Amino acid sequence: MTVAFSHEDFIAALKEQSCWANICTEPGMIAFMAARASYLVGEPPKEIEVHLSPGVLKNALSAGLPHTSRRGPDVAAAAGAVGRCPDRGLTILGSLTEGQINEAVSLVDAGAIAIKLDATHDGVYGKCIARSQGHNAEVVVEGAHTRITEERLDGRALVTSP
């Protein structure tokens, strides 16, 4: 079976799959999700829960992060949440200050970050839930490392796409 793509479909796919990153894409994706969820709650989150597909989790576990000797998806999530700049996409971790990195590591050391395997999804998939004093935000990324398919704030859908 041959699948034909239009020129527009090809360009759209190329743009979706091509983006700058200053780190392995999986920790970058985790930081991006956490940054977006943190941005949505409008204040620093008190706790973050991240659900990852097996492949994303495997790749994120061993990837080093800029400006720190720490590794892992928990540090990536905390750093993204502290940075709160989702517009930086997969480059978010490269622009954090030493103070922000220290704040992120403190969140991890305090047990405020939970990483969970979601074996029901394959490929690129992650969900980040950020809980602050007054709000809860949920961001789902799937299919591409910065492709948000769902956003919720306090249970209300902001974005939903296939």
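Everything below is about the structure shown above.
The structure displayed is predicted, hence computed values, not measured ones. (Residues numbered from 1 in each chain as written. Predicted model: local features only at pLDDT ≥ 70, side-chain atom pairs only at ≥ 80, totals over all residues. Heavy atoms only, no water.)

*Asks:* For this particular structure, what's the right way to read the overall build of the protein chain?
*Replies:* Broken down by element type, the protein chain carries five helices and six strands. In sequence order, the secondary structure elements of the protein chain are arranged as α-α-β-α-α-α-β-β-β-β-β. Residues counted as buried form 43% of the 162 residues belonging to the protein chain. Of the contacts formed within the protein chain by residues at least 6 apart in sequence, a portion of 68% connects residues at least 24 apart. In the structure as shown, the protein chain presents an accessible area of about 8400 Å², 52% of it carried by carbon and sulfur atoms. (Helix = DSSP H or I, 4+ residues; strand = E, 2+ residues; numbered from the N terminus. Buried < 20%, exposed > 50% of the residue type's maximum accessible area, 1.4 Å probe, protein only. Contact = heavy atoms within 4.5 Å. Areas by Shrake-Rupley, 256 points an atom, 1.4 Å probe, with all protein chains shown as cover.)

*Asks:* Mind showing me how you'd approach the pattern of salt bridges here?
*Replies:* Pairs can form between side chains of opposite charge whenever their charged atoms are close. Under the counting rule described, the total for this entry stands at five salt bridges. Across the pair Glu-151 and Arg-36 runs a salt bridge whose closest N-O atoms are separated by 2.5 Å. In this pair, Glu-151 sits in strand S5 (residues 148-153) while Arg-36 sits in helix H2 (residues 25-41), placing the two residues 115 residues apart along the sequence. (Salt bridge = Lys/Arg side-chain N within 4 Å of Asp/Glu carboxyl O.)

*Asks:* I keep staring at the nonpolar core and nothing clicks. Help me out?
*Replies:* For soluble globular proteins, the rule of thumb is that nonpolar side chains tend to be buried together. Ile-30, Met-33, Val-50 and Leu-52 are the most contacted members of the largest nonpolar core, which totals 40 residues. The set of elements that each furnish at least two residues to this core consists of H2, strand S1 (47-52), helix H3 (54-62), helix H4 (73-83), helix H5 (98-109), strand S3 (125-131) and strand S4 (136-142). Here this core takes ten residues from H2, the largest share from any one element. When sequence neighbours within four positions are dropped, the list of residues in contact with Ile-30 reads Val-50, Leu-52, Ala-60, Pro-73, Ala-76 and Ala-77. (Core = buried A, V, L, I, M, F, W, Y, C linked by side-chain atoms within 4.5 Å.)

*Asks:* Just to check I follow, could you spell out the sheet that holds S3 for this structure?
*Replies:* In a beta sheet, neighbouring strands pair by backbone hydrogen bonds and run either parallel or antiparallel. Pairing within the open sheet is mixed, and its six strands lie in the order S2-S1-S3-S4-S5-S6. Sheet topology places strand S2 (113-117) and strand S6 (156-160) at the edges, where each strand pairs with a single neighbour. The mean inter-strand angle of the sheet, taken between neighbouring strand axes irrespective of direction, is 10°. In this structure, S1 lies alongside S2, joined through five bridges in parallel fashion. (Pairing = 2+ DSSP bridges. Axes fitted to C-alpha atoms, helices over the stretch in contact; angles between N-to-C directions.)

*Asks:* Honestly, the packing of H2 against H3 in this entry has me stumped. Any pointers?
*Replies:* Following both chains from N to C, one finds H2 and H3 inclined at 105°, their axes separated by 7 Å at the closest point. Regarding the angle of H2 to H3, the classification is roughly perpendicular. Residues Glu-26, Pro-27, Met-29 and Ile-30 of H2 form the contact with H3, whose own contacting residues are Val-56, Asn-59 and Ala-60. (Parallel < 35°, antiparallel > 145°, perpendicular 65-115°, else oblique.)

*Asks:* Help me understand the side chain of Ser-53, please; the structure alone is not making it clear to me.
*Replies:* Mapping Ser-53 onto the fold places it in the loop between S1 and H3. In this structure Ser-53 comes out as buried when scored by relative accessible area, which is 0%. Ignoring any residue separated from it by four or fewer positions in sequence, one finds Ser-53 in contact with Leu-117, Asp-118, His-121, Asp-122, Gly-123, Val-124 and Tyr-125.

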